[in-house]
Amino acid sequence: METCTIVYNGERLSGEAGLPLIDFLELHGRKLPHICYHPALPPLQTCDVCWVEHQGELVRGCTLKTQHEMVVNSQDRLAQAAQEEGMDRVLARHELYCTVCEHNTGDCTLHNAVSDMDMAIQYYPYERKPSEKDHTNPFYTYDPDQCILCGRCVEACQNVEVNETLSIDYTADHPRVLWDGGEKIAGSSCVSCGHCVTVCPCNALLEKTMQPNAGPFTDMPEPVKRPMIDMVKKMEDSIGMGPITGISLIDMAMRQTEIKKTKTVCTYCGVGCSFEMWTRDRHILKVQPVADAPANGISTCVKGKFGWDFVNDAKRLTTPLIRENGRFRPASWDEALNLVARRLTEISQQHGGNSIGFIGSSKASNEEAYLTQKIARLIFGTNNVDNSSRYCQNPATEGLFRTVGYGGDAGTIKDLQKTALIIIVGSNLAENHPVIASHIKQSHKHQGQKLLVVDPRLHEMAERADLYQRIKPGYDIVWASAMARYMFDHGYADEQFLADKVNNVAEFRASLEPFTLEYASMLTGISVDELAAAGEMIGQAESACLLWAMGITQHSHGADTSTALSNLLLVTGNYGRPGTGGYPMRGHNNVQGASDFGCLSNVYPGYEQVTDSAVREKWARAWGVRPEALSDEVGADNFMMVQHAHERKLKAMYIIGEETAFSDADSTRVHEAFSRLDFMVVQDIFMSRTAEFADVVLPGSPSVEKEGTFVNTERRIQRFYEVLPPLGDSRPDWQILTDLASRLGHPWYYQHPGEIMAEAARIAEIFAGVSYARLEGWQSQLWPVTADGSSTPLLYTDGFKFPDGKARLYPLTWRPPMEEEDAEYDLLLNNGRMLEHFQSTNQTGAGGRITSLSPNWYVEIGPQLAAARGLQEGDWVKLTSRRGSLEVPVVITERTAGNVLFIPIHHGKPGVNGLTGEHHDPDVRTPAYKEIAINLQKLDRPPQVAPLPLHNFRYGQRTPLDHLPVEDKWQQAGYTLPPEHTEHPEKF
């Protein structure tokens, strides 16, 4: 780190060189008043408050970075006059009524700057603006009357989130923030990520959960509040701002004593966003991202920022339930856990431990995953344990195990921003992993990064791509193999890398012989010229990262396709360097961690094989039992557990936090299997569809009601803390499992999740240096972690995870999808997630706010197919597969094309899995959810009006900007540089 010493107001201060001046001063306990500056944004230069004297001139302090012997003066008479003029202009646009404002919690930059400046009185009289407050978004409001036109929200939306919705027309008579150029949020392209709200320096953009009762004087009727504000404003003219500001500071201090701020980690997708959650009692006031968050910084999505209504939902499970005479009745914890222990023991003694199956939760903590597999293996001697990665990511993990050795992302999110080329195959990244998509959109927009997207559907990242290729579903392995052959045939293969670091090169190259561009074009539906263009883009890239998700893994040969994608990266030398590697995007918040910590049927924590006698002996010794007590046979996974239950081989199941009855394929058969069990335990936070089959339901706690750790998609381990106490008589899952183990004769005495992590780290090699002390606060670790606590952000820099340190190219044979269209079932039904929903909507469906964005189930159909079938928007159709049928209205959109339709997975019970079948990947047994051949029949019933509501963001038309156009403001007639006054302060 380069250091420097600057002179600020005559005082010498030493620290890091190249830091923004405002941040440097704050590190030294000095304040330069500012409003528009934000450390996560470039200098906007809009508020005209941070003027300083530097090198004989007045300059905006936000534009300066520290350098040695820099001399800056903010107390110069001219600088202070300019600062006050800038603030006066701001206050001419913002009615300062802080004591009755919901935002006066210490987080209002404007309020704090006014207080720091200690101004005597406002120079310009405030005039109310003509626009009304906008309530049309379910999560936040925009009040033009309070907007100071700083542009923070615009810059965040345009160039950090890169949704490109917000703008400001500084030439208008009454400038305000615009959504797609219009005045209403609803119906615009706003995805409700909340980024604008996070960076707003006042109350112009504000969470609805902060309104109206964020403070003792805020929750009052408007007819009372308005006269009070008017009275105080008149008093300011005579007594000055000082006393009024003093009262607001007292009010702010009072509120801060009531508000609790707790770091947590998001409970939704695998990005691993962390942030502060602000609460007062059990009321969640808001989610506040911080710049120190390692995966996301200040970015969020609609679910992470606003999707927490479920925590206090009235339908939460708060007491154990026991089925009696076909109905559930409340029970005490002692009765429920004693019953669970007794029945599981009886079944184990009568039928053996392998008659019991355990499904751990990909939403619970690492520690809870560890205990789940420990109970299965140590107490019942079975490896029948799995988690929902079986439904999504196991094929990707298998592809990485085959080729490079570790079952996780090759690098970090930062590597995705360093690469020259991003390749996205089978991933709707902007909706499924929106914060990672934002990082990529930043690099693509501003750093010249290229983007190649291969997908059956024209989603947002496909629209933004430099090259988009619409592929036939299930044929990605052909595309990847053809690209690998193209690299060899056209001199783009990294021969030195292959010679030094990769095995099986000759055998692999020979296996590519069938995969000509012509052959690939015939199968994929992509033209030869387009395929060649993709080959050139990949071959010429100095570095490449390849991302894939369930569009690859949820096919009958997802493991082979994942292998083919990793093969392609090896051929081009794209592993082991910054900005390279394979990145299978993890769907749940802890689906990576649940697998990492042993909730898989074939491995202990750390991916140590259950069939390896040395490994088994190590774990037996650590757990204090003989090796013979632990099974050396691979257990049944999720798929096989259901099969065995259906065959009555499996007698009991213990399912934690998974909606298996909704999410497993061929749900009719799943429900039959559950009905045939002798005993079933479900541990969850809601009465899920799965819980309806249980004999005992145990109320667990969501992440905000306990402590623990998660692992995100980039292998990053992060701590989360208890935000709220468990609701009612619910309990953290680790406590439930610890208590159950004691009743099963294994008293473990864990008092805190940190003790569980310490145990796992003592035994599993890849977690050797992981500890709660090293994960304190915003710190994180990326496995493998050495004993001294050192992380591994980028894998394979010193070799691959094989005995000889070399990667392995893995020859493949093309096999078609197990289910395709035919004369009777002539269409293909693709399916996937939506940005605003999550899985079965047990969480996002609570409270109704997220649901309001898209409350209806529907199927997307392309315009040509719709015309051919005589369909109009909203017409009802019956979709029939070889297993079942469902009825939905149609949405006609260019997102889909040809004979491929798309349906969201979230709506309806049993949902789309009433159509899916038991065909699955033969290597890892992941169901082929995305291989559904259907026929379509138009129904004679009145159309559904707007199946996708017109206020949904998918109808919006973005208005891209490469920067906030502050120069438009400066060029307006009447704009003057402070300290000179202006005739129109409300505009400037």
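Structure's up top.
Residues numbered from 1 in each chain as written. Predicted model: local features only at pLDDT ≥ 70, side-chain atom pairs only at ≥ 80, totals over all residues. Heavy atoms only, no water.

Peer 1: In this structure, what is going on with the environment of Ala-506? I would like to understand it.
Peer 2: Here Ala-506 is to be found in helix H18 (residues 505–511). Using a relative accessible area of 59% as the deciding quantity, one classes Ala-506 as exposed. C-alpha of Ala-506 to C-alpha of Gly-535: the two residues are 29 residues apart in sequence and 21 Å apart in space. (Helix = DSSP H or I, 4+ residues; strand = E, 2+ residues; numbered from the N terminus. Buried < 20%, exposed > 50% of the residue type's maximum accessible area, 1.4 Å probe, protein only.)

Peer 1: What is the right way to read the sheet that holds strand S11 (residues 274–280) from this model?
Peer 2: Two pairing modes exist for strands in a sheet, parallel and antiparallel, and in both the strands are linked by backbone hydrogen bonds. The strand order across the open sheet formed by three strands is S10-S11-S12, and the pairing between neighbours is antiparallel. Strands with a single pairing partner mark the edges of an open sheet, and in this sheet they are strand S10 (260–265) and strand S12 (283–288). For this sheet the average axis-to-axis angle between neighbouring strands, irrespective of direction, equals 30 degrees. (Pairing = 2+ DSSP bridges. Axes fitted to C-alpha atoms, helices over the stretch in contact; angles between N-to-C directions.)

Peer 1: I keep staring at the packing of aromatic side chains and nothing clicks. Help me out?
Peer 2: Each aromatic ring pair is specified by the distance between its two centres and by the angle formed by the two planes. Tallied over the entire structure, the rule returns 30 aromatic pairs. With 5.5 Å between their ring centres and 70 degrees between their planes, Phe-401 and Tyr-607 make a pair best called edge-to-face. Here Tyr-607 lies in the loop between strand S23 (603–604) and strand S24 (608–609) and Phe-401 lies in helix H11 (residues 394–403), a separation of 206 residues in the sequence. On the basis of relative accessibility, which here comes to 13%, the residue Tyr-607 falls in the buried class. Between Phe-497 and Phe-800, the aromatic rings sit 6.4 Å apart at their centres with planes inclined by 85 degrees, giving edge-to-face as the arrangement. With a gap of 303 residues between them, Phe-497 in helix H17 (residues 495–501) and Phe-800 in the loop between strand S30 (780–782) and strand S31 (807–808) connect regions that are remote in the sequence. (Phe/Tyr/Trp six-rings, centres within 6.5 Å; stacked < 30°, edge-to-face > 60°.)

Peer 1: Where do I start with helix H20 (residues 528–540) in this structure?
Peer 2: Every α-helix winds through 3.6 residues per turn, so residues three or four apart in the chain are directed the same way. For H20, which comprises 13 residues, the first-to-last C-alpha distance of 18 Å matches the rise-based estimate of 18 Å (1.5 Å per residue) to within 8%. Considered for burial, the residues of H20 that qualify are Leu-531, Ala-532, Ala-534, Gly-535, Met-537, Ile-538 and Gly-539. On its buried face, H20 is in contact with strand S17 (421–425), strand S18 (450–454), strand S19 (467–469), helix H16 (476–489), helix H19 (517–524) and helix H22 (558–571). (Expected span 1.5 Å × (residues − 1). Contact = heavy atoms within 4.5 Å.)

Peer 1: I keep staring at the sheet that holds strand S27 (residues 696–699) and nothing clicks. Help me out?
Peer 2: What the seven strands build is an open sheet, ordered S14-S13-S27-S26-S25-S15-S16; its pairing is mixed. Edge strands, defined here as strands with exactly one partner in the open sheet, are strand S14 (327–330) and strand S16 (385–386). As defined by bridge partners, strand S26 (residues 679–684) adjoins S27 across four bridges and the pair is classed as parallel. Residue Val-682 lies in a different strand from S27, and its bridge partner there is Val-697. On the sheet, helix H9 (residues 333–351) packs against strand S13 (321–324), S14, strand S15 (356–359), strand S25 (652–656), S26 and S27 and is oriented at approximately 130 degrees with respect to S27. Running over the sheet, helix H25 (residues 638–646) touches S15, S16 and S25 and is turned about 145 degrees from S15.

Peer 1: Looking at this structure, how should I read helix H10 (residues 366–379)?
Peer 2: Over its 14 residues, H10 runs 19 Å from end to end, which matches the ideal 20 Å to within 8%, given 1.5 Å per residue. For H10, the buried fraction is high: 14 of the 14 residues fall into the buried class. In the segment just after H10, Gly-381 is the residue with positive phi, at about 65 degrees.

Peer 1: So what exactly am I meant to see when it comes to the packing of H10 against helix H29 (residues 753–763) here?
Peer 2: The description of two helices packed together rests on the angle between their axes and the distance between the axes. In the contact formed by H10 and H29, the axes pass within 9 Å of each other and the chain directions differ by 65 degrees. Overall, the two elements H10 and H29 adopt an arrangement that is roughly perpendicular. At the point where H10 passes H29, the crossing takes the left-handed sense. Between H10 and H29, the contacting residues are Asn-366, Glu-367, Tyr-370, Leu-371 and Lys-374 on the first element and Pro-753, Ile-756, Met-757, Glu-759, Ala-760 and Ile-763 on the second. A class-by-class count of the residues in the contact of H10 with H29 yields seven nonpolar, one polar and three charged. (Parallel < 35°, antiparallel > 145°, perpendicular 65-115°, else oblique. Left-handed = near helix turned anticlockwise from the far one by under 90°. Nonpolar A, V, L, I, M, F, W, Y, C, P; charged D, E, K, R; others polar.)

Peer 1: It is not clear to me how unusual backbone geometry should be interpreted in this structure. Could you clarify?
Peer 2: Working note: non-glycine residues mostly have negative phi, and peptide bonds are mostly trans. In the segment running from Gln-211 into Pro-212, the intervening peptide bond is cis, with an omega of 0 degrees. In this structure, Pro-212 sits in the loop between strand S9 (205–207) and helix H6 (222–239). Residue Trp-783 is joined to Pro-784 through a cis peptide bond whose omega torsion reads 0 degrees. Positionally, Pro-784 belongs in the loop between S30 and S31. Residues other than glycine seldom take positive phi values, yet Asp-180 does so here, at roughly 55 degrees. Mapped onto the secondary structure, Asp-180 falls in the loop between strand S8 (177–179) and helix H5 (195–199). With a phi close to 55 degrees, Asp-281 is a non-glycine residue in the positive phi region. Within the fold, Asp-281 resides in the loop between S11 and S12. When its relative accessible area of 68% is taken as the criterion, Asp-281 is described as exposed.

Peer 1: What exactly am I supposed to notice about the pattern of salt bridges here?
Peer 2: Summed over all chains, the structure comprises 61 salt bridges. One salt bridge connects Glu-460 with Arg-958, and the closest N-O pair in it is separated by 3.3 Å. Taken as a pair, Glu-460 in helix H15 (residues 460–464) and Arg-958 in the loop between strand S37 (933–938) and helix H31 (966–970) lie far apart in primary sequence, 498 residues in all. Residue classification places Glu-460 among the buried residues on the basis of a relative accessible area of 12%. In this structure Arg-958 comes out as partly exposed when scored by relative accessible area, which is 30%. Salt-bridge contacts for Arg-958 lead to Glu-463; the nearest nitrogen and oxygen are separated by 4.0 Å. Remark: Glu-463 occurs in helix H15 and Arg-958 occurs in the loop between S37 and H31; sequence separation between them is 495 residues. Shared partners join several salt bridges into a network, and the residues in it are Glu-164, Lys-441, Lys-445, Glu-460, Glu-463, Arg-464 and Arg-958. (Salt bridge = Lys/Arg side-chain N within 4 Å of Asp/Glu carboxyl O.)

Any link to function would need more than the numbers given here.
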